[in-house]
Amino acid sequence: MIKEDKLLAAKIKELKKKRNAVILAHNYQLPEVQDIADFRGDSLELSRAAAKTSAEVIVFCGVYFMAETASILSPEKMVIMPDVSAGCPMANMMSAEELRKLKKEHPGAVTVGYVNTSAAVKAELDYCCTSTNAVTVVNFLKNEKEIIFVPDKYLADYVSKKTGRKLISWHGFCPTHVKILPEDLKREKKFHPLAKVMVHPECLPQVVALADAVLSTSQMAKFAREDPAKEFIVGTEAGLIYRLKQDNPGKEFYLASERAVCPNMKRTTQEKVLWALEELKEEVKVSREIRQKALLAIERMLKIV
Ligand code: 13P
Ligand code: SF4
């Protein structure tokens, strides 16, 4: 860390103590943000950390739906985002109104929604899921006749193949993960024939088909630690590489595509974190009515896993 960064990090640490705050960061955050986080993880782990913390303030370094989820799980805590304009385009691809319409078209279907949805959409769900547990949640619903699975069509495709269930899906997708192409994996495999290929289930089906393992971001961190392979091709957002290299100094990690960068995940910086702690802004709150309904879907997921 350079001198100014150290100074900034020290100021953040001091203010964090004064505010009784905890900093949660997603695995895709900039290295400078990962460095000052009390906890970094995937969507499921961050939800759990938010529910467990005894801090009064949660500084959420990630995207909007993640901060909303933290607020749903910990309504008595103040959840703030250093850059509240960091949204998830996939989450914005489905509105609550659209989901209500889809449910009307399939009366009796059980509704499962990826955590990458707004709180208003979660309030319409029976079950929430994350990339870590989507297959487990759908398998749990084996006695249900019809399952709606939204909003990611590629995650739905992956889950459908893994569970053998036909799913009613939506046309959402992650604009970052679809930038990873099969030819990227083929090229990297040629350069690094001994490397294991791990990809995120938000990737295109043609990319998923070429992978050795299909995993959430923290599952990738675990796989990289535990697998005997010394080299890995990583098919997800670029930010994860920092953590993978830090955790495994003796191993090599190759990003499948340099284009796999989520601009929203890069909006948060150390300076914005300091400002957020100083001003206690911007607060993310979910209305009581939405929260109560959305909580049911999240709690049902947490009970299954
Ligand atoms: P993870 O839950 O695997 O961290 O994924 C979150 C996400 O937004 C992927 O694009
Ligand atoms: Fe959303 Fe994709 Fe960015 Fe994840 S990587 S926050 S799914 S846009």
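Draft legend 1. Seen up close, the sheet that holds strand β1 (residues 21-26). Read from one edge of the open sheet, four strands run β2-β1-β3-β4, paired in parallel fashion. In the strand order of this sheet, the two ends are held by β2 (39-41) and β4 (78-80), each with one partner. On average, each strand axis in the sheet is inclined to that of its neighbour by 25 degrees, with strand direction left out of account. Pairing between strand β3 (residues 57-61) and β4: three bridges, direction parallel. Within β4, the residue paired with Val59 across the bridge is Ile80.

Draft legend 2. Molecular detail of the packing of aromatic side chains. What the rule picks out here adds up to three aromatic pairs. Plain terms: the ring middles of Tyr127 and Phe140 are 6.2 Å apart, the flat faces sit at 65 degrees to each other, and that makes the pair edge-to-face. Here Phe140 lies in helix α7 (residues 134-140) and Tyr127 lies in strand β6 (residues 127-129), a separation of 13 residues in the sequence. Aromatic pair Phe232 and Phe253: ring centres 5.4 Å apart, planes at 15 degrees, arrangement stacked. One end of the pair, Phe232, is in strand β11 (residues 231-235); the other, Phe253, is in strand β12 (residues 252-255), and 21 residues separate them in sequence. According to the relative accessible area criterion, Phe232 is buried, its value standing at 0%. Over the ring of Tyr127 we find Arg300, and its NZ or CZ is 5.9 Å from the ring centre.

Draft legend 3. Local environment of the pairing of β11. Summarising burial for β11: four of the five residues are buried, a large majority. As defined by bridge partners, strand β9 (residues 196-199) adjoins β11 across four bridges and the pair is classed as parallel. Its bridge partner being in β11, Lys196 is matched across the sheet by Phe232. Note that β11 and β12 share four bridges and pair parallel. Of the residues in β12, the one forming a bridge with Phe232 is Phe253. One crossover worth recording links β11 to the parallel β12 by way of helix α12 (residues 240-247), and it is right-handed.

Draft legend 4. Examining the pattern of salt bridges more closely. One pass over the full model with this rule turns up 18 salt bridges. Between Glu237 and Lys266 there is a salt bridge, with its nearest N and O atoms 3.1 Å apart. Residue Glu237 is found in the loop between β11 and α12, and its partner Lys266 is found in the loop between β12 and α13 (270-279); the two are separated by 29 residues along the sequence. Owing to a relative accessible area of 21%, Lys266 belongs among the partly exposed residues under this scheme. Taking the shortest distance from any N to any O, the salt bridge between Glu289 and Lys293 comes out at 3.9 Å. One end of the pair is Glu289 and the other is Lys293, both in helix α14 (residues 288-304) and four residues apart, which spans about a single turn. Its relative accessible area of 57% is what places Glu289 among the exposed residues. Residues participating in the shared-partner salt-bridge network are Arg40, Arg225, Arg243 and Asp247.

Cut-offs used in this document
- Residues numbered from 1 in each chain as written.
- Chains lettered and ligands numbered in written order.
- Predicted model: local features only at pLDDT ≥ 70, side-chain atom pairs only at ≥ 80, totals over all residues.
- Heavy atoms only, no water.
- Pairing = 2+ DSSP bridges.
- Helix = DSSP H or I, 4+ residues; strand = E, 2+ residues; numbered from the N terminus.
- Axes fitted to C-alpha atoms, helices over the stretch in contact; angles between N-to-C directions.
- Phe/Tyr/Trp six-rings, centres within 6.5 Å; stacked < 30°, edge-to-face > 60°.
- Buried < 20%, exposed > 50% of the residue type's maximum accessible area, 1.4 Å probe, protein only.
- Lys NZ or Arg CZ within 6 Å of the ring centre and 35° of its normal.
- Right-handed = clockwise from strand over helix to strand, strands pointing away.
- Salt bridge = Lys/Arg side-chain N within 4 Å of Asp/Glu carboxyl O.

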